[in-house]
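# Close look at the chain arrangement
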Amino acid sequence: MVGLCLFSALTLVFVPSERSVPDSAGPRGQEGLDDGPDFLSEEDRGVSPRAVNVDLQTDATLQVDISDALSERDKVKFTVHTKSTLPNFKQNEFSVVRQHEEFIWLHDSFVENEDYAGYIIPPAPPRPDFDASREKLQKLGEGEGSMTKEEFTKMKQELEAEYLAIFKKTVAMHEVFLCRVAAHPVLRKDLNFHVFLEYNQDLSVRGKNKKEKLEDFFKNVVKSADGVLVAGVKDVDDFFEHEKTFLLEYHNRVKDASAKSDRMIRSHKNAADDINRIASSLYSLGTQDSTDVCKFFLKVSELFEKTRKIEARVAADEDLKLADLLKYYLRESQAAKDLLYRRSRSLVDYENANKALDKARAKNRDVLQAETSQQLCCHKFEKISESAKQELIDFKTRRVAAFRKNLVELAELELKHAKVKGLVTVRSR
Amino acid sequence: MCVCVCVCVCVQSGPASLPAEDISTNSNGPKQDSLFDDDPEDLFAEATEEVSLDSPERDVLLSDGPSPAITPITPPTSVITPRIGLAHDDMFTHSSFDEIEEEEGGDSFDIHIAVSDPEKVGDGMNAYMAYKVTTKTSLSLFKTDEFSVKRRFSDFLGLHSKLASKYLHIGYIVPPAPEKSIVGMTKVKVGKEDQSSNEFVEKRRSALERYLMRTVKHPILLKDPDVLQFLESSELPRAVSTQALSSAGLLRMVNKAADAVNKMTIKMNESDAWFEEKQQHFENLDVQLRKLHASVESLVCHRKELSVNTAQFAKSAAMLGNSEDHTALSRALSQLAEVEEKIDQLHQDQANADFYLFSELLGDYVRLITAVKGVFDHRMKTWQKWQDSQLLLQKKREAEAKLQFTNKPDKLQQAKDEIKELEGKVQQGERDFEQISKTIRKEVSRFEKERVKDFKTIIIKYLESLVQTQQQLIKYWEAFLPEAKAIS
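Because the structure is a prediction, the values reported are computed rather than measured. (Residues numbered from 1 in each chain as written. Chains lettered and ligands numbered in written order. Predicted model: local features only at pLDDT ≥ 70, side-chain atom pairs only at ≥ 80, totals over all residues. Heavy atoms only, no water.)

### Topic: the overall build of chain B
The test is simple: Counting from the N terminus, the helices are DSSP H or I runs at least four residues long and the strands are E runs at least two residues long. Note on exposure labels: buried denotes an accessible area under 20% of the residue type's maximum, exposed denotes more than 50%, and partly exposed covers the range between, all computed with a 1.4 Å probe on protein chains only. Note on areas: Shrake-Rupley with a 1.4 Å probe; residue coverage comes only from the protein chains shown.
If you tally the helices and strands in chain B, you get 13 helices and three strands. Within chain B, buried positions represent 49% of all 488 residues. A total accessible area of about 24000 Å² is found for chain B, and carbon and sulfur atoms account for 55% of it.

In structure tokens, the structure reads:
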């Protein structure tokens, strides 16, 4: 069908924003994929995507970013570009091509690494999801006969803009993940990470097959049951106790807020779509009317067009600043919760080891063994606690800064749009 | 019903040899107009005329008033003269129309009708909503400057059906009344005082107001005695025939079906390109307006949804702010929640504006255009009648010719009489047709003017409401910005 053809021939190339001067066309594609720029103004491209959700200091010793991205039929290929002065790398600057599965592999390798139990693992980027967009484009293709040519082109443009927006978002989220890893003092030294950055052939990471997915599922079940048990254990340390309760509540509320904000933004988009249809109806009314009211209609139709564009921008900005922020912190708070869980787990292990040691001492058997294991557990626990404390404090600072930044930007953008809308309306009176 | 009529009676200086019998026969009456062929300025500048072409009523009045016809120069009494001009004298129609417009210009068309104070009268299934109809005017037509009456919905419907039966088939565009809604009314009757029934009543109230205003804006309808009675008299006989399931209602439905069938079978030779063009124009307009109406309704729906979702988000953000332990951020989040709540209210108001201004206007016009199309259909029917009587005349003439050769003098005489009658009918049919065509032309131009004016006013009002919303939005976000910046 038309829609599918469009997509299969679609190859979007993402032009990096910081390095070259953004030309007005922005990401280009084939098949007449023009003007997404309607949608993206200069400022959007100017803002480097990595700064959207997290505040990160860029360290000269290791700088990672996604310089390019290609969208093919089913997958997205990211070009990961590294600049580093560290001795571990063969060159100072290099790029590799990675796919989404490889990011997931990297993330999972962190999670499974016992040494990193005491750190908040940066949450994995969500899978690039173009299904909704694809569906809409297909529907558009099917309904092509029922609407006028202008309407069709307009809707096509819109859908393309939407596709572009999703694309940009997914690139941004992958980049954020990499930057967080690069900024973390311990994780950046991870060997897997270096391999990920440098090995310029396919990592041949296959997606988990069914058996592994099932294993994962069971592991999760066990983990959550365990989590409940472990959560019941009252913590010695006030700080952690407080954090635990806080995080639990916070996580739930963020989830709720994220869902509601999504719904709100969707209604906003629907309203903008309606305004689009109204504009085109008014336009056709204006063109067929022979009286002087036709000019009037045309003007009003133009006004509605502009309004719609602005409304769509508003929705998109809200999406970016608010919804994405909430979603990101949803994932981060989950990661923080995981950290706390690991710590509690190790605490429980420690206490168990203590009890085992006492028992061994009482029976005077395997004392050395018990002692070593107890030492291990103690050591592990303390290590985790220490790093966890630091991590959680960092988390809070990061969170506050990110919220501040985004809320300020949100307010400014809303203001700007409202002013523009007001002007446009007044002017056409 | 009583018909107080102000008549434009014009003296004819020409041949006044019209037999009075013409008036008493049940022909289409306007024959007597040739009596009044002359300059209207001669006489009563009050060019307000009244027509009641309902055959039964006309019969009644005709029978009790042959005398006025014979004395044409009587001051306005109970003479009915179809206001429709004469086929013989174009000027007459023109000037009489102009007169009316002048007169209105002079009076500065000052009449304002408000429908307000819906209150529920009665209980249970027999309950109904009574509306107060207040008229403020400086027109000399009315007894006082300001007066109000209580009316119920079926009264409005009754008024419309009376006007429609009087005027539609001679080519006037009668504004359609608001639609019946059994579901809505039942909810109100049952007495649920909830949001949706309030909305329903409000919707109906504003629709009734618009209906009345549109009706009185029409210069002819304004002077109709039914309209005057509706606006002024405190007691109105109940219009029973408007009930959906009454016999009159069923009859209406049958008629509608018959009409639809007829429409398909009538093939009219359109000699006038103007009509063809206009009909096409209205068809297109109909389609466009319907589409626009659908989009606007969808917008209203989505905006309401948006407002609901925004309210929910506001609550959620407030909770989030509560659980946040960083005080400044927590405060900022609560502020955000408040802002969103206010915005939600804004959206709600905007949705209302969308609806009441824009969407209802479009709905009204969709219905109006249906009425316009109906008027065009009547023209076709008139043409058909004319053609039919012409055909009949032809047949009779042929029959007469045949009879000439046989020797039946009385049959011949009968045939001759019939032919004369038919000739009269044919002439009448032609006149009717031309009349209705003329009327339609004027009506359509008036309609278009009104339409343009209406749309312009409403859209400007709508735009102003948009501007207002934007300004409010700006205020809210400006208040929020410093809070957000204050997060340390």
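### Considerations on the confidence of the model for chain A
All names here are of chain A. Put simply, the rule is: Scored between 0 and 100, pLDDT is the confidence that the predictor attaches to each residue. Throughout, a residue-residue contact means that at least one pair of heavy atoms, one from each residue, lies within 4.5 Å.
Looking at chain A as a whole, the pLDDT averages 74, with 80% of positions reaching at least 70. Mean pLDDT across the secondary structure elements of chain A bottoms out at helix α2 (residues 42-46), with 33, and peaks at helix α3 (residues 100-112), with 87. The low-confidence segment residues 1-55 (pLDDT under 50) makes 108 contacts with residues lying over four places distant or belonging to another chain.

### Observations concerning the packing of helix α10 (residues 367-427) of chain A against helix α12 (residues 327-405) of chain B
Applicable threshold: Think of each axis as a best-fit line through the C-alpha atoms, taken over the contacting stretch in the case of a helix, with angles from 0 to 180 degrees between the N-to-C directions. Take the far helix as the reference: if the near one is turned anticlockwise from it by less than a right angle, the crossing is left-handed, and if turned clockwise, right-handed.
Closest axis-to-axis distance for the α10 of chain A/α12 of chain B pair is 11 Å, and the angle between their directions is 30°. Considering the relative orientation of α10 of chain A and α12 of chain B, their crossing is left-handed. Residues Val400, Phe403, Leu407 and Leu410 of chain A of α10 of chain A lie in contact with α12 of chain B, whose contacting residues are Leu329, Leu333 and Leu336 of chain B.

### Quick word on the side chain of Ser258 of chain A
Assignment of secondary structure puts Ser258 of chain A in helix α8 (residues 238-288). In this structure Ser258 of chain A touches Leu326 and Lys327 of chain A, once residues within four positions along its chain are discounted.

### Considering unusual backbone geometry
Apart from glycine, the bulk of residues carry a negative phi angle, and the bulk of peptide bonds sit in the trans form. Positive phi is not limited to glycine here, since Asp117 of chain B has a value of about 50°. You can call Asp117 of chain B partly exposed: its relative accessible area is 40%.

### Focus: the sheet that holds strand β1 (residues 111-121) of chain B
Residues and elements named next belong to chain B. Put simply, the rule is: Strand pairing is assigned whenever DSSP detects at least two bridges linking the two strands.
If you walk across this open sheet you meet the three strands as β1-β2-β3, and the pairing is antiparallel. Single-partner strands in this sheet number two, and they are β1 and β3 (146-152). Across the sheet, the mean angle separating the axes of adjacent strands is 20° when strand polarity is ignored. For β1 and strand β2 (residues 128-137), the ladder comprises nine bridges, and the chain directions are antiparallel. Residue pairing for β2: Glu119 is matched across the bridge by Ala130. Each of β2 and β3 is contacted by helix α5 (residues 153-167), which is oriented at about 100° to β3, the strand it contacts most. Helix α7 (residues 195-217) contacts β1 and β2 of the sheet and is inclined by roughly 150° relative to β1.

### A look at the pattern of salt bridges
Formally: Each reported salt bridge corresponds to a side-chain nitrogen of Lys or Arg within 4 Å of a carboxyl oxygen of Asp or Glu.
According to the stated counting rule, one finds 33 salt bridges over all chains in the structure shown. Asp274 of chain A serves as the salt-bridge partner of Arg277 of chain A, at 3.5 Å between the closest nitrogen and oxygen. Here Arg277 of chain A and its partner Asp274 of chain A are both found in helix α8, three residues apart, which amounts to about one turn of the helix. When the shortest N-O distance is used, the salt bridge between Asp224 of chain B and Lys166 of chain B registers 2.8 Å.

### What about a nonpolar patch on the surface?
What counts, and what does not: Patches were defined on residues exceeding 30% relative accessible area and lacking a salt bridge, with like-charge contacts within 9 Å and nonpolar side-chain contacts (Val, Leu, Ile, Met, Phe, Trp, Tyr) within 5 Å.
A cluster of nonpolar side chains, contributed by Leu214, Phe217, Phe218 and Val221 of chain A, occupies part of the molecular surface with about 410 Å² of accessible area. Structurally, Val221 of chain A is set in helix α7 (residues 210-232).

### Quick word on the interface of chain A and chain B
Going by this rule: We define buried area as the total accessible area lost by two parts upon association, computed with a 1.4 Å probe and summed across both.
The interface is formed by 57 residues belonging to chain A together with 54 residues belonging to chain B. Carbon and sulfur atoms supply 70% of the area that chain A and chain B bury against each other, a total of about 5200 Å² over both sides. Between the two partners, chain A and chain B, sit two salt bridges. In this structure, the salt-bridge partner of Glu412 of chain A is Lys485 of chain B, at a minimum N-O distance of 3.9 Å.

### Examining the packing of α7 of chain B against α12 of chain B
All names here are of chain B. What counts, and what does not: Comment on the angle field: the value is read as roughly parallel under 35 degrees, roughly antiparallel over 145, roughly perpendicular from 65 to 115, and oblique elsewhere. Polar here means any residue outside two lists: the nonpolar Ala, Val, Leu, Ile, Met, Phe, Trp, Tyr, Cys and Pro, and the charged Asp, Glu, Lys and Arg; Gly therefore counts as polar.
α12 packs onto α7 with a crossing angle of 55° between their chain directions and a minimal axis gap of 11 Å. Taken together, α7 and α12 sit at an angle that is classed as oblique. The element α7 and its partner α12 pack so that their crossing is right-handed. On the side of α7, the interface is formed by Glu199, Glu202, Lys203, Ser206, Ala207, Arg210 and Arg214, while α12 contributes Phe355, Tyr356, Glu360, Leu361, Asp364, Tyr365 and Leu368. Residue composition of the contact of α7 with α12, grouped by class: six nonpolar, one polar and seven charged.

### Re the confidence of the model for chain B
Residues and elements named next belong to chain B. The predicted model of chain B has a mean per-residue pLDDT of 71, with 71% of residues at 70 or higher. Within chain B, helix α1 (residues 21-24) has the poorest average pLDDT of any element, 37, and helix α11 (residues 273-323) the best, 85. In the model, residues 1-107 has pLDDT below 50 throughout and makes 162 contacts with residues more than four positions away in sequence or in other chains. Our summary of model confidence lists the complex with pTM equal to 0.69 and ipTM equal to 0.74.

### Things to note about the sheet that holds strand β2 (residues 76-84) of chain A
Strands belonging to one sheet form pairs held by backbone hydrogen bonds; the direction of such a pair is parallel or antiparallel. Residue and element names in this part refer to chain A. If you walk across this open sheet you meet the three strands as β1-β2-β3, and the pairing is antiparallel. In this open sheet, the two edge strands, each paired with only one partner strand, are β1 (62-71) and β3 (93-99). Sheet twist, expressed as the average angle between the axes of neighbouring strands with direction ignored, equals 25°. Across the sheet, helix α5 (residues 149-183) lies against β1 and β2, angled at about 155° from β1, the strand it touches most.

### A look at empty space enclosed by the protein
Applied cut-off: Cavities and pockets are defined on a 1 Å grid built over the protein atoms alone: a cavity is a set of grid points where a 1.4 Å probe fits but cannot escape, while a pocket is an open set with protein on both sides within 12 Å along at least five of seven lines, and lining residues are those with an atom within 4 Å of any such point. Grid points are joined across faces, edges and corners, and a volume is the space filled by probe spheres set on the points.
Using the criterion set out here, one finds 16 cavities of 30 Å³ or more in the structure. Of the volumes computed, that of the largest cavity is approximately 220 Å³. Along its surface, the largest cavity is lined by 21 residues, and His268, Glu311 and Lys421 of chain A together with His347 and Leu473 of chain B are the ones closest to its centre. Tallied by class, residues from the lining of the largest cavity come to seven nonpolar, eight polar and six charged.

### Quick notes on the UniProt feature "coiled-coil region" (unreviewed entry) in chain B
Our working rule: UniProt positions are given in the numbering used here, feature names are shortened, and annotations may be inferred rather than shown by experiment.
Mapped onto the present numbering, the UniProt feature "coiled-coil region" (unreviewed entry) falls at residues 412-439 of chain B. Helix makes up 100% of residues 412-439 of chain B and strand 0%, with an end-to-end C-alpha separation of 40 Å.

### A look at the side chain of Arg431 of chain B
Heads up, the rule is: Polar contact is defined as a pair of N or O atoms within 3.5 Å, subject to the rule that within protein one atom must be able to donate a hydrogen and the other to accept it, and that residues adjacent in sequence are counted only when both atoms are side-chain atoms.
Within the element layout of this structure, Arg431 of chain B appears in helix α13 (residues 409-485). Polar contacts involving the side chain of Arg431 of chain B include one to the side chain of Gln428 of chain B, which spans 2.9 Å.

### Details of the packing of aromatic side chains
Residue and element names in this part refer to chain B. So the rule is basically this: Pairing of aromatic rings covers Phe, Tyr and the six-membered ring of Trp, with a centre-to-centre limit of 6.5 Å; geometry is then stacked below 30 degrees between planes, edge-to-face above 60, and tilted otherwise.
Under the criterion given, the structure shown has 21 aromatic pairs over all chains. Judged by centre distance (5.0 Å) and plane angle (70°), the ring pair of Phe156 and Phe230 falls under edge-to-face. Of this pair, Phe156 sits in helix α5 while Phe230 sits in helix α9 (residues 225-232); the two residues are 74 residues apart in sequence, bridging distant segments of the chain. As far as burial versus exposure is concerned, Phe156 and Phe230 are alike and both buried. Between the aromatic rings of Tyr365 and Phe455, the centroid separation amounts to 5.2 Å while the plane-to-plane angle is 50°, which identifies the pairing as tilted. Highlighted residues: Tyr365 in helix α12 and Phe455 in helix α13, separated in sequence by 90 residues. Across the pair, exposure class does not vary: Tyr365 and Phe455 are buried alike. Ring-pair connections join several aromatic residues into one group, and the members of that group are Trp274, Phe275, Phe282, Tyr365, Phe376, Phe447 and Phe455.

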